[in-house]
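Coordinate inspection notes
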Amino acid sequence: MSEDENTGDTLGGRSLLFVTGKGGVGKSAVAAALARASAAQGRRTLVCELATHGALGPLLGLRDEVGHAPREVAPNLWACNIDQDRAFGDAIAGLVPAPRLARALLGNPVARLFLRTAPAVTETSVHLLLTGFLRDGFDPVIVDLPATGHAVGFLDASRAMAHALRVGRVAKAVAEAAETVRDPRRTGLVLVTLPEELPVNEAIELYEKSRETLKITPAVVVVNRVNAPPVAEADLAGLEPLLDAPPHTLPPAARAVAGTVREGVRAAAQDSRHVARLGEALPGARLLELPTLRDSADEPALVARLAESLRDLLGGGPPRVPAR
Ligand SMILES: Nc1ncnc2c1ncn2[C@@H]1O[C@H](COP(=O)(O)OP(=O)(O)OP(=O)(O)O)[C@@H](O)[C@H]1O
Ligand SMILES: [Mg+2]
């Protein structure tokens, strides 16, 4: 499959979705919302985070911690927080043919340290785990990746490792994982950003780097927390007498309304300039705007609302598998 065939239409047909972007832009919220939307379509969905502080639990409204092993948290929805050290142990145990040798390797602190600190070993272990989840029948597997800086290195790890290993059983397993992670029919990269200067710059940089280094075209760039205009364009003209009036000539209540509307119009115009800049820098990229949701009761309510906006991205349609 050539890079050109990665048209980035929707995420619907893809089984492995990676969500990344600058710190704090809403990666975890988007990953959780995609997972909710996918589960609601009846897909056997697994959402994973990578040894992070446990963002998914609160977003999914769970009381208990999400652990290393996938746990069913709602109908059609499983979650896990991958412990990279355990992923590494699992990979060694699965790939070294003799259990005694695997145990010896894992039990020897020096060998373990050497293996773990070799470039790309930990990340490759995670790729093996993720592709194992696909084989277990999860579809999609949604991964809340760490912030942008690490994303390209993470996604490139198994390819680099397969190249280094070349022959043997381990090389074959790693090459298969690398192929899946980079297959645009199966994998979709979801880049999250905010309508702000630095996050937009970083999104443009990562989009281009991903195409050049990984030969992966991000399937979609999600612009999160976009402010909608407080009133429709058509109604704005009618409000001009209020908005243009010198504040001291207005009664206090009208002054407050005028101030809020003016500020809302300014914020929406600024956001749309950033979205336009992103579109111009990345012609051909699929952009999806998500609104700023200020009045959600809690994190799960926010996620449920974001899931509504992400439904079309997943292709919609009737449930593909019954709830289990
Ligand atoms: N569309 C939105 N409207 C309002 N609040 C939002 C929206 N998206 C995310 N948030 C809030 O912004 C905060 C940061 O979101 P989130 O934790 O998903 O970011 P992140 O990119 O995963 O951060 P980190 O880099 O720390 O992992 C959270 O409190 C979340 O509830
Ligand atoms: Mg996060």
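Everything quoted here is computed from the prediction, not taken from an experiment.

**With respect to the pairing of strand 2 (residues 45–50)**
Taken across its six residues, strand 2 has six buried, putting it largely inside the fold. Of the two faces of strand 2, the one lined by Thr45, Val47 and Glu49 and the one lined by Leu46, Cys48 and Leu50 are each fully buried. Here strand 2 pairs with strand 4 (residues 77–82) via six bridges, running parallel. Counted as the bridge partner of Cys48 is Cys80 from strand 4.

**As for the layout of surface pockets**
In this structure, the largest pocket occupies an estimated 330 Å³ of space. Around the largest pocket, the lining is made up of 17 residues, and of these Leu95, Leu128, Thr131, Arg135 and Ala173 lie nearest the centre. Among the elements of the structure, helix 3 (84–95), helix 6 (121–135) and helix 8 (169–181) are those that each provide at least two residues to the lining of the largest pocket. With six residues, the single largest contributor to the lining of the largest pocket is helix 6. Residue composition of the lining of the largest pocket, grouped by class: eight nonpolar, four polar and five charged.

**Points about the packing of helix 1 (residues 27–40) against helix 12 (residues 299–310)**
Contact geometry of helix 1 with helix 12 gives a least axis separation of 8 Å together with a crossing angle of 70 degrees. Put simply, helix 1 runs roughly perpendicular to helix 12. The two elements helix 1 and helix 12 cross, and the hand of that crossing is right-handed. In this structure, helix 1 contributes Ala29, Val30, Ala32, Ala33, Leu34, Arg36 and Ala37 to the contact, and helix 12 contributes Val303, Leu306, Ala307 and Leu310.

**Details of the environment of Val223**
Turning to its location among the elements, Val223 is positioned in strand 7 (residues 220–226). Through-space distance from the C-alpha of Val223 to that of Val192 is 6.0 Å; in sequence the pair is 31 residues apart. Leaving out residues up to four positions away in the same chain, Val223 has contacts with Thr193, Leu194, Pro195, Val275, Leu278, Leu288, Glu289 and Leu290.

Reading the values: the criteria
Residues numbered from 1 in each chain as written. Chains lettered and ligands numbered in written order. Predicted model: local features only at pLDDT ≥ 70, side-chain atom pairs only at ≥ 80, totals over all residues. Heavy atoms only, no water. Buried < 20%, exposed > 50% of the residue type's maximum accessible area, 1.4 Å probe, protein only. Helix = DSSP H or I, 4+ residues; strand = E, 2+ residues; numbered from the N terminus. Pairing = 2+ DSSP bridges. 1 Å grid on protein atoms, 1.4 Å probe; cavity = no way out; pocket = protein on both sides within 12 Å on 5 of 7 lines; lining within 4 Å. Points joined across faces, edges and corners; volume = space filled by probe spheres on them. Nonpolar A, V, L, I, M, F, W, Y, C, P; charged D, E, K, R; others polar. Axes fitted to C-alpha atoms, helices over the stretch in contact; angles between N-to-C directions. Parallel < 35°, antiparallel > 145°, perpendicular 65-115°, else oblique. Left-handed = near helix turned anticlockwise from the far one by under 90°. Contact = heavy atoms within 4.5 Å.

The quantities given are spatial measurements derived from coordinates; they are silent on function.
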